[in-house]
Amino acid sequence: MYFKYFLSFLLFLSPFCQNSSRAQENTNHSAFRQLHDEFSTPNYYRTASGAPGQGYWQQKADYSITVTLDDQHQKIYGEETVSYHNNSPDPLDYLWIQLDQNVRERNSFSKQVSTSHISDPMSFRSMQRLFNVFDGGFKIEYVKDVRGKDLPYIINYTMMRIDLPQPLKHGETYAFKIKWWYNINDRARIGGRSGMEYFPKEDNYIYTIAQFYPRMAVYNDFEGWQNKQFIGSGEFTLTFGDFDVRITVPADHILGATGLLQNPQDVLTTMQRKRLEKARHSDTPVMIVTEKEARDREKTKDYSHTKTWHFKARNVRDFAFATSRKFIWDAMGVPFGKRIVMAMSYYPKEGNPLWEQYSTKVVAHTIRTYSKYTFDFPYPKAVSVHTNRIGMEYPMICFNGGRPEPDGTYSERTKYSMISVIIHEVGHNFFPMIVNSDERQWTWMDEGLNTFLQGIAEREWDHNFPHWRGNPADIVDYMSGDPETMVPIMTNSESLLQFGNNAYAKPATALNILRETVMGRELFDFAFRQYARRWEFKHPTPEDFFRTMEDASAVDLDWFWRGWFYTTDHVDVSLDKVAVYRINTKNPDIEKPIARQEAKNIPEQISITRNRQSLKTAVERDPALKDFYNSYDKYEVTPLDKKTYERYLSSLTDEEKKLTDNKDYFYELTFSNKGGLVMPIILEFTFEDHTKKRIKIPAEIWRRNNKTVSKVFPFPKKVKQIIIDPLQETADTDTDNNAWPPLEHINRFELFKYTYPHRPNPMQQKIKK
């Protein structure tokens, strides 16, 4: 009975399944279909052009923070008052606060979902992480309103919800206070984007402190509260606001931070203030704290006296600082119109000679270069701080690695890696500190765009810069790799595979290809600058970027976004066939001699050749079998041939006669798209006289057939060679199918001599015994 009912059910479903399969077959799978299904619908807040709409809004959070660094016990103690401004049209019943330090709690969500394994051997560091002996995370002492009344709250790992006494309506502001402390992590032992570096020789520390205060989560028009847990990969999504921060540290520390120093007379010597003023008007770095002064300071420790450094920063999304008695400090002024932006560096003696020679100049170069392609750097300063093996960014300040050997020598790799990381992290001031994308959701929107501009800045630093991410040829190995180890760029930050390739290298490569190959520099640069200026100090989405690039250039790029950002397809265009033609003039005086020569070039069939050698044919044995056609020369021009040609000419117009006189060679090229990712086809023709001609076919040639296309090219001279993508500018993953005739690749292999280990002869051992 059950089987009968089940069979009836299957018969009932059958037509629906067939219809579904048929619908799939009939669905538009073209690489050029528009992205209407993938993109969110334009609305009052965000327009179809990619610009903020008339009703665009964003929240604001102002902070008044007081923190103390305990240099003896490596702890941070803090209190803050947060004033949250609800500019949204929605009433809010609660607020979400980010507690990013909680990623280092002993039972953090991040540790629960991370994988682990036992290796043999296993490092002490891996074992320590397995046991998680560090007591990390915020210790929240209270959450109160400004009148001192306790507020109800709940902590869910790295998020804290504060329940409001009444809904916060549009246009209203709510203020509350939080008090906390936490243990500072040693980055060398347990990692982290911020923390401390210990120098055992002098028993000193460099503190690079960030995510040190409870921070407001973002509430926006397209996602509501962005309260996705901080697991570790997806970084930070933050609200703009004004900061008033007081930081108390040992009196012998030098401190740098986001914002402008409000009390230099309290924390700097008269000499340091004079040097700082001199640096403002200098186009080369001026030492504010010299290496000798830093060396003298790090020899002693003053725990009994403190200084409070007071900073203010307007319209920033975050705040960070660095402090140490080891710091050398230099600075220079960078003019932007009537403004002067201070480029600064803080570094220990272990960073020299590299840091004194390069860091501040690289900072200045970066903000100048990025400003050319986006907007003038709006902040009053940009700071690079050195601590080992790190690269992390915050408004106006970043923490960078790149350290010479203890004797001061350094390799080329160390030098250029240091310059690269400084450019990259200072560049993050533009993306995402100012163009404030959602890092928790989309890593590529800041890392990819920033890596793209980093490559431009590196090439403008030195034409021969040894390596830059975004070069199409360098992404080939990744793009041609195992699809199981890849996900599209448009994947949530915490679910990315091959993080560096996916979020940094691939989007940077895509943008380089857009600029150099698809759009051209003039159209691309205008559109990219338009995006940056539209979303300066705002919160863009991927669609805002995609739409702006098309809106400002009149280039339909849906095919490009789909292929590069929404799939894991790769570029592999194959030159499958080349056919060469010339126009048949029908003039027997021209065509018959050509036909005679072509016939001579056709090799005789092997069976006929062997027959000639071994036997006589019937015609050879009996001459009576021969007639006119046995001796007829079919390539001889006859009166009938000429008469036929004259009749043909008389039927042609003058324009048509000119075409018959065309002596060009016509090359019909057939291409196939083996990788799935449609791209422009770039061809280089080399002629017999060794001249070259380069032709670029737009990607739209694939619009009616995404798999195979053909195109004819006429030339007045013979082509010797054809190559697809000769400069490797499209990231084509297989160059073996890019040439006609096929190129010969000679690979080299190395010989080595294996030396067998000495093994005693057993018989000799017996004899000895």
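Residues numbered from 1 in each chain as written. Predicted model: local features only at pLDDT ≥ 70, side-chain atom pairs only at ≥ 80, totals over all residues. Heavy atoms only, no water.

Of note, the amide linkage connecting N352 to P353 takes the cis form, showing an omega dihedral of 10 degrees. By the secondary structure assignment, P353 is in the loop between strand 20 (339–347) and helix 8 (354–373). The step from W740 to P741 runs through a cis peptide bond, and the omega angle for that step is -15 degrees. Structurally, P741 is set in the loop between strand 30 (739–740) and helix 23 (762–768). Unusually for a residue other than glycine, D725 sits at a positive phi of about 50 degrees. Structurally, the position occupied by D725 is in the loop between strand 29 (719–724) and strand 30. Under the relative-accessibility criterion, D725 is labelled buried at 6%. (Helix = DSSP H or I, 4+ residues; strand = E, 2+ residues; numbered from the N terminus. Buried < 20%, exposed > 50% of the residue type's maximum accessible area, 1.4 Å probe, protein only.)

Quick look at the packing of helix 8 against helix 11 (residues 444–461) now. Two elements in contact, helix 8 and helix 11, have axes separated by 10 Å at closest approach and are oriented at 115 degrees. By crossing handedness, the relation of helix 8 to helix 11 is classed as right-handed. Here Y358, K361, V362, H365, T369, Y370, K372 and Y373 of helix 8 lie close against helix 11, whose contacting residues are N450, L453, Q454, I456, A457, E460 and W461. Residues that form the contact of helix 8 with helix 11 fall into these classes: eight nonpolar, four polar and three charged. (Axes fitted to C-alpha atoms, helices over the stretch in contact; angles between N-to-C directions. Left-handed = near helix turned anticlockwise from the far one by under 90°. Contact = heavy atoms within 4.5 Å. Nonpolar A, V, L, I, M, F, W, Y, C, P; charged D, E, K, R; others polar.)

With 188 residues, the main nonpolar core has F560 and W564 as its most contacted residues. Leave out the neighbours within four places in its chain, and W564 touches M479, I489, K506, T509, A510, I513, V571, L677, M679, T730 and A731. (Core = buried A, V, L, I, M, F, W, Y, C linked by side-chain atoms within 4.5 Å.)

A word on the confidence of the model for the chain. Put simply, the chain has an average pLDDT of 93, and 94% of its residues get 70 or more. Per-residue pLDDT stays below 50 along residues 764–769; that stretch engages in one contact with residues further than four places along the chain or on separate chains. (pLDDT = per-residue confidence, 0-100.)

Here we have three strands laid out as an open sheet, ordered 24-25-28, and antiparallel in their pairing. Single-partner strands in this sheet number two, and they are strand 24 (573–581) and strand 28 (708–715). Pairwise comparison of adjacent strand axes, ignoring direction, gives a mean angle of 20 degrees for this sheet. Here strand 24 runs beside strand 25 (residues 665–673); their pairing, made up of eight bridges, is antiparallel. Along strand 25, the bridge assignment pairs V573 with N673. (Pairing = 2+ DSSP bridges.)

Summarising the element assignment, T451 is placed in helix 11. Taking the C-alpha atoms as reference points, T451 and A508, separated by 57 residues in sequence, lie 5.8 Å from one another. Ignoring anything within four residues of it in the chain, the contact list for T451 reads H424, R469, Y504 and A508.

With that out of the way, let us pick up the packing of helix 13 (residues 499–518) against helix 16 (residues 558–565). One way to put it is that helix 13 packs onto helix 16 with a least axis distance of 11 Å and a crossing angle of 150 degrees. Considering their axes alone, helix 13 and helix 16 lie roughly antiparallel with respect to each other. Handedness of the helix 13/helix 16 crossing: right-handed. Contacts between helix 13 and helix 16 involve K506, P507, T509, A510, I513, L514 and V518 from the former and W559, F560, W561, W564 and F565 from the latter. Its residues placed into classes, the contact of helix 13 with helix 16 shows ten nonpolar, one polar and one charged. (Parallel < 35°, antiparallel > 145°, perpendicular 65-115°, else oblique.)

In this section: the environment of F666. Here F666 lies in strand 25. Separated by 86 residues in the primary sequence, F666 and V580 have C-alpha atoms spaced 5.6 Å apart. When residues no more than four places from it in sequence are discounted, the contact partners of F666 are A579, V580, Y581, R582, I583, V712, F713 and P714.

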